[in-house]
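Report on the structure
Spelled out, the chains give:
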Amino acid sequence: MVIEVTDKAKAWIASHGGALTVRLSPRHGCCGGGAEIVVAEARRPDDSSHYQAFDHEGLKLFIDPTLVDQGLVVGIEGLLGLKQLFVDGAPIVRQRD
């Protein structure tokens, strides 16, 4: 599989529209420099042409092409109604100037 999604995360994503976007998100330091971290969002991307789309067990996955087949796992954590998706197995990548 292109990316693994835990059963709990699948159920939560399905209850929130059935779409998952996994992408790189830039983070900038206060004194310069930056890094890109991998984030998972329970929504369709604004422009799906920049993603590889997959159908998986009733979900529509949109994955950044650089993250396909990287052995990533999407899970969910949180208490009560405050849940958040997370990506495990993704390295933080230093941005190049």
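Right, let's walk through the structure included here. (Residues numbered from 1 in each chain as written. Predicted model: local features only at pLDDT ≥ 70, side-chain atom pairs only at ≥ 80, totals over all residues. Heavy atoms only, no water.)

1. Describing the pairing of strand E3 (residues 34-41)
Condition: DSSP calls a pair of strands paired once it identifies at least 2 bridges connecting them. Counting from the N terminus, the helices are the DSSP runs of H or I reaching at least four residues and the strands are the DSSP runs of E reaching at least two.
Strand direction decides the pairing type here: strand E2 (residues 19-28) and E3, joined by eight bridges, are antiparallel. Residue Ser25 lies in a different strand from E3, and its bridge partner there is Ile37. Following E2, the chain reverses through five residues before pairing antiparallel with E3; Gly32 in that reversal takes a positive phi of roughly 100 degrees.

2. Some details on the pairing of strand E5 (residues 59-63)
Heads up, the condition is: When a residue's accessible area, from a 1.4 Å probe over protein chains only, is under 20% of the maximum for its type it is buried; when over 50% it is exposed; and in between it is partly exposed.
Across the five residues of E5, four count as buried, placing the element largely inside the fold. Pairing between E2 and E5: four bridges, direction parallel. For Ala19, the partnering residue across the bridge sits in E5 and is Lys60. Of the pairings in the sheet, the one linking strand E4 (residues 52-56) to E5 comprises five bridges and is antiparallel in character. The partner of His56 across the bridge, within E5, is Leu59.

3. A word on the pattern of salt bridges
If charged atoms from side chains of opposite charge come close, those side chains can pair. Under the convention used in this document: The term salt bridge refers to a pairing of a side-chain nitrogen on Lys or Arg with a carboxyl oxygen on Asp or Glu at a separation within 4 Å.
Inspection of every chain in the model, using the stated rule, returns six salt bridges. Across the salt bridge formed by Arg43 and Glu41, the nearest N and O atoms sit 3.5 Å from each other. Beyond isolated ion pairs, a larger network of salt bridges with shared partners links Arg23, Glu41, Arg43 and Asp46.

4. Some details on the sheet that holds strand E1 (residues 4-5)
In space, the three strands of this open sheet follow the order E1-E6-E7, with mixed pairing throughout. The sheet is open, and its two edges are formed by E1 and strand E7 (82-88), each paired on a single side. Two strands pair when backbone bridges link them, and strand E6 (residues 73-79) and E7 are joined in this way by seven bridges, in the antiparallel orientation. In the sheet register, Gly78 faces E7, and the bridge partner there is Lys83.

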